[in-house]
Amino acid sequence: MYIKICGITKLEQAQSIAQIGANALGFICVSSSPRYIEAMAIAKITSSLDANLDLVGVFLDASMAEICQTVEQAGLNAVQLHGNESPEFCQQLRSQLAHIKPQVKLIKALRVKNQAGLAVAQLFGDVVDVVLLDAYDPHMAGGTGKTLDWQMLREFQPSCDWWLAGGLSPDNVAEAIAMVCPSGVDVSSGVERSAGDKDLSKVEQFMKIALQESSN
Ligand SMILES: O=C(O)c1ccccc1NCC(=O)[C@H](O)[C@H](O)COP(=O)(O)O
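Small disclaimer: the values here were computed from a predicted structure and weren't measured.

Trainee: Looking at this structure, I do not really get the sheet that holds strand 5 (residues 105-112). What am I missing?
Mentor: Backbone hydrogen bonds are what pair the strands of a sheet, in a parallel or an antiparallel way. Pairing within the closed barrel is parallel, and its eight strands lie in the order 1-2-3-4-5-6-7-8. Geometrically, the sheet is characterised by an average inter-axis angle of 25° between neighbouring strands, direction not taken into account. Its contacts with the sheet put helix 4 (residues 87-100) on strand 4 (78-81) and strand 5, and the angle it makes with strand 4 is roughly 160°.

Trainee: Where do I start with the environment of Pro34 in this structure?
Mentor: With respect to the secondary-structure elements, Pro34 resides in the loop between strand 2 (24-28) and helix 2 (39-46). Residues Pro34 and Ala195 lie 161 residues apart in sequence; the distance between their C-alpha atoms is 6.1 Å.

Trainee: Help me out: how do you make sense of helix 1 (residues 11-20) in this one?
Mentor: Every α-helical turn comprises 3.6 residues, leaving residues that sit three or four positions apart pointing alike. Within helix 1 the residues assigned to the buried category are Gln13, Ala14 and Ile17. Taken around the axis of helix 1, the buried residues stretch over an arc of 100°, which confines them to a single face. Pointing more than 90 degrees away from the buried face of helix 1 are the exposed residues Glu12 and Gln19. Against the buried residues of helix 1 lie strand 1 (2-5), strand 2, helix 2, strand 9 (192-194), strand 10 (197-198) and helix 7 (200-214). Following helix 1 by one or two positions, Gly21 has its phi on the positive side, about 120°.

Trainee: Where do I start with the packing of aromatic side chains in this structure?
Mentor: Any aromatic ring pair is given by two values, namely how distant the centres are and how the planes are angled relative to each other. For the structure shown, the criterion picks out two aromatic pairs. Ring centres of Tyr2 and Trp163 lie 4.3 Å apart, and the angle between their planes is 15°; this geometry places the pair in the stacked category. In this pair, Tyr2 is assigned in strand 1 and Trp163 in strand 7 (residues 161-164), connecting sequence segments 161 residues apart. Between Phe156 and Trp162, the ring centres sit 5.0 Å apart and the planes meet at 85°, which makes this aromatic pair edge-to-face. Across the pair, exposure class does not vary: Phe156 and Trp162 are buried alike. Its guanidinium or amino end placed over the ring of Phe124, Lys108 lies 5.7 Å from that ring's centre, counting from NZ or CZ. Lying across the ring of Tyr136, Lys113 places its NZ or CZ 4.7 Å from the centre.

Cut-off values and rules
- Residue positions are counted from 1 within each chain, in the order its sequence is given.
- A pLDDT threshold of at least 70 governs which residues receive local features in this predicted model, and a stricter bar of 80 or more applies before side-chain atom pairs are shown or counted, although totals over entire chains, interfaces and linings include all residues.
- Side-chain numbers here rest on the full set of heavy atoms in the structure, without hydrogens or water.
- In short, DSSP must find at least two bridges between two strands for them to pair.
- Counting from the N terminus, the helices are DSSP H or I runs at least four residues long and the strands are E runs at least two residues long.
- Angles run from 0 to 180 degrees between N-to-C directions of axes, and those axes are lines fitted to C-alpha atoms, restricted for helices to the stretch in contact.
- Two residues qualify as a contact provided that any one of their heavy atoms is within 4.5 Å of a heavy atom in the partner residue.
- Only protein chains enter the accessibility calculation, which uses a 1.4 Å probe; a residue is then buried when its area is under 20% of its type maximum, exposed when over 50%, and partly exposed in between.
- By construction, the arc corresponds to the directions joining the helix axis to the C-beta atoms.
- Side-chain rings of Phe, Tyr and Trp (the six-membered ring for Trp) are treated as a pair once their centres are within 6.5 Å; stacked means planes under 30 degrees apart, edge-to-face means over 60, and tilted covers the remaining angles.
- As a reminder, the over-ring test applies to NZ of lysine and CZ of arginine, requiring each to be within 6 Å of the ring centre and within 35 degrees of the ring normal.

Shown next, in the form of structure tokens:
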């Protein structure tokens, strides 16, 4: 089970979460978010971490130039697109990123409202590495703490890896994994004291439960 802890803003917390064994750390590059962190501040964190982690910049309808510049400045090796980016945009971004760094992981987040929203995932299977399913909220783009209707995801099988996000916490991650069998899970507010301030004991608990459930 691949585990991504999102909304990191503090260096010491990033180092501890990496040590606990997370596969990926997410940095919110969306200036309107309470978890926003600037590229140079991300760079201070990423340069202090081991090379085997996925260091993910989360973007919301940003331009290709902004994404590429942030990847370079911040020392990222993965990009999560959390807005209305099209499959064509993903394809073009992938080729632009290849000029900057080899093998930047591309993740397309979909904020799923209903079954029709879920069908859109099939359009991205061939152009990204991972599809991430998050909850829909009319006012917030991410980090909402809301869960998806997991029943809807029982038969979900895109042609690429997929990760579950949205309202996960140590209290419900085992049930979610058992019900929908994602290849990874992503969490933010469910392991926080306040926006951007992670509760390390909750992170540890979350990871232990997720790993245990996925090995059953
Ligand atoms: O977290 C944010 O503030 C945010 C803002 C704008 C776009 C995306 C954002 N977060 C994306 C994430 O990857 C979160 O981990 C995901 O939405 C799940 O959040 P949560 O329901 O709090 O676990």
